[in-house]
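Observations on the model geometry
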Amino acid sequence: MSAGAANLVVEADGGSRGNPGAAGFGAVVKDADGQVLAEAAGALGVTTNNVAEYQGLIAGLQAVLGVGGEGTPVEVRMDSKLVIEQMAGRWKIKNEGLRPLAREAADLAARLRVTWRWVPRERNRDADRLANAAMDAAARGETWRPAATSPTVPAPSGPGAPLAPSASGTPVIDTPSSGVPTTGTPGTGVPSSGSGGSATASGLSTAPGTTGTGWMAPAAGTTSFLLLRHGETPFSVERRFSGTGDPDLTPKGIAQAEAAAARLSRPPYAIDAIVCSPLRRAQDTAEIVAARAGVKVTVDEGLREVDFGDWEGHTFTEIQRRWPTELAAWLADPSSAPPGGESFERAALRVQDAKERLLAEHKGKTVLVVSHVTPIKLLLRFALLAPAAALYRMHLDVASLSAVDYFADGPELVRALNDTAHLR
């Protein structure tokens with residue numbers, strides 16, 4: 001594509017056998033070279049073609065958020081003239097039943113940089129195929145899964161954070177009968193913050209540590225980790241693997257760190273200590289927060305990003321082309337390392353050591369941990385008692401906040417994941 005064109009493409013479709021009748025939808029996300037990054041499909045029960053087409057659009061936009069994150073440029077291609085023209089604002093939505101779906105799609109599109117394009121049906125075959133495959137699976141009483149012949153081009157939702165690949169290698173974004181895509185995590189997009197005065201798995205409405213297990217008052221000695229990913233860098237903008245390399249924050253990344261600092265320096269937050277990775281992008285983010293919070297920054301080597309070795313600075317597509325065998329092994333096995341790099345399994349050992357060290361040094365305190373995708377995901381995974389494969393099922397935006405409480409009697413509780421309310 002030419003300069004300024006969309007970085008990603010969504011092809012979406014839906015249909016019903018009867019209109020209304022047994023319906024399904026499909027969506028595929030591709031990169032600028034046409035390589036498949038993610039697929040989504042699902043059956044919808046009995047409904048109309050237009051409803052199914054909107055559900056395909058929603059699934060595709062959610063998949064883009066999981067692959068590229070907030071602000072990703074994307075061209076949406078559909079053979080539904082009605083959906084494209086309504087979403088572009090050129091046609092009115094006269095069918096009341098479509099209004100809620102159009103609003104949901106518009107809310108998702110507002111978090112991306114979308115251009116709308118109608119294409120002939122023959123140029124939307126991949127999405128049509130997925131929609132029909134989902135309907136066929138539902139007719140057999142099964143749930144749609146990618147076929148064994150699906151493209152073997154898995155894609156990450158950010159370096160170090162690939163979507164979970166299926167046996168065929170294609171990321172599975174499965175959907176229940178309701179048509180709402182799920183990946184088992186907020187990996188298909190940034191969840192909305194919780195409302196009211198209690199925190200949710202996707203929001204930081206209340207300061208971590210202000211409630212105990214979620215059901216009772218906090219136990220004495222509860223230690224809270226606020227987990228802040230560093231701000232944007234040139235590598236994160238271009239979706240390049242960024243491990244032990246040391247890019248600076250972009251101007252936007254600095255602004256993101258300042259937004260996090262403004263949030264964390266106000267009640268109900270009360271940071272007692274700030275600990276960060278030794279890498280410059282994390283240290284600079286931490287220092288910006290420290291200047292507002294009035295807390296000194298200390299550095300812990302265990303919080304650095306995983307070493308991507310020869311893959312450092314490359315895009316996922318470049319790696320897939322140059323190291324396809326090594327990439328497949330890395331996606332399938334946390335003990336597998338990139339050439340000249342570090343495995344997730346080895347990184348887990350040093351992050352676990354860092355966690356224990358911080359808990360011993362800051363017992364009963366609130367600690368801001370400024371780090372990177374992999375260490376933060378590992379801390380969340382430990383708290384959830386989740387298997388290593390859970391790393392592939394989480395998405396973290398730049399400058400996002402997550403939170404974990406550690407109780408004196410042993411349990412750990414995830415209070416938030418990928419909260420970006422301060423960036424809006």
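Since the model is a prediction, treat every value here as computed from it, not as a measurement.

What follows deals with the pairing of strand S12 (residues 412-419). Counting buried residues along S12, 6 of its 8 residues qualify, which places the element largely inside the surrounding structure. The pairing of strand S11 (residues 401-406) with S12 spans 5 bridges and is classified as antiparallel. In the sheet register, Leu-401 faces S12, and the bridge partner there is Asp-419.

If the charged atoms of two oppositely charged side chains come close together, the side chains can form a pair. Scanning all chains against the criterion turns up 26 salt bridges. Among the ionic pairs, Glu-75 bridges to Arg-77, the shortest N-O distance being 2.5 Å. Taken individually, Glu-75 and Arg-77 each receive the classification buried, so the pair is uniform in this respect. For the salt bridge of Arg-240 with Glu-238, the shortest nitrogen-to-oxygen distance reads 2.7 Å. Sharing partners across several salt bridges, the network here consists of Glu-11, Lys-30, Glu-39, Asp-126 and Arg-129.

Before going further, it helps to examine the UniProt feature "binding site: substrate" (unreviewed entry) in the protein chain. As recorded in UniProt, the sites labelled "binding site: substrate" (unreviewed entry) are Arg-281. Of note, Arg-281 is situated in helix H7 (residues 280-293). Not counting chain neighbours up to four residues away, the residues in contact with Arg-281 comprise His-230, Thr-233, Ser-242, Gly-243, Gly-245, Asp-246, Pro-247, Leu-249, Glu-305 and His-372.

It is worth spelling out the sheet that holds S12 at this point. Across the sheet, 6 strands lie side by side as S9-S8-S10-S7-S11-S12; this open sheet has mixed pairing. Each end of this open sheet is capped by a strand with a single partner; those strands are strand S9 (297-299) and S12. In this sheet, adjacent strand axes meet at a mean angle of 20 degrees when their direction is disregarded. One ladder, built from 3 bridges, connects strand S8 (residues 273-276) with S9; its direction is parallel. Within the sheet, the bridge partner assigned to Ile-274 lies in S9 and is Val-297. Sheet strands in contact with helix H11 (residues 373-384) are strand S7 (223-229), strand S10 (366-371), S11 and S12, and its direction is about 145 degrees off that of S12.

Judged by nonpolar contacts, the single largest core of 40 residues is most densely connected at Phe-225, Leu-227, Trp-311, Trp-330 and Leu-380. Looking at this core element by element, the count peaks at 7 residues for helix H10 (residues 344-361). Every residue in contact with Phe-225, bar those within four places of it in the chain, is listed here: Lys-355, Leu-358, Leu-359, Val-367, Val-369, Ser-402, Ala-403, Val-404 and Tyr-406. Of all hydrophobic cores here, the second largest spans 36 residues; its members include Ala-40, Leu-44, Ala-105 and Ala-109.

Time to look at the UniProt feature "active site" (unreviewed entry) in the protein chain. Mapped onto this numbering, the UniProt entry annotates "active site" (unreviewed entry) at His-230 and Glu-305. The named residues occupy 76 residues along the chain; their greatest pairwise C-alpha distance, 10.9 Å, places them in one compact cluster. Its place among the elements puts His-230 in the loop between S7 and helix H5 (234-237). Beyond its immediate sequence surroundings of up to four residues, His-230 is in contact with Arg-281, Ala-282, Thr-285, Ser-371, His-372, Val-398 and Ala-399. Position of Glu-305 among the secondary structure elements: in the loop between S9 and helix H8 (316-322).

Conventions we followed
- Residues numbered from 1 in each chain as written.
- Predicted model: local features only at pLDDT ≥ 70, side-chain atom pairs only at ≥ 80, totals over all residues.
- Heavy atoms only, no water.
- Buried < 20%, exposed > 50% of the residue type's maximum accessible area, 1.4 Å probe, protein only.
- Helix = DSSP H or I, 4+ residues; strand = E, 2+ residues; numbered from the N terminus.
- Pairing = 2+ DSSP bridges.
- Salt bridge = Lys/Arg side-chain N within 4 Å of Asp/Glu carboxyl O.
- UniProt positions renumbered as here; feature names shortened; annotations may be inferred.
- Contact = heavy atoms within 4.5 Å.
- Axes fitted to C-alpha atoms, helices over the stretch in contact; angles between N-to-C directions.
- Core = buried A, V, L, I, M, F, W, Y, C linked by side-chain atoms within 4.5 Å.

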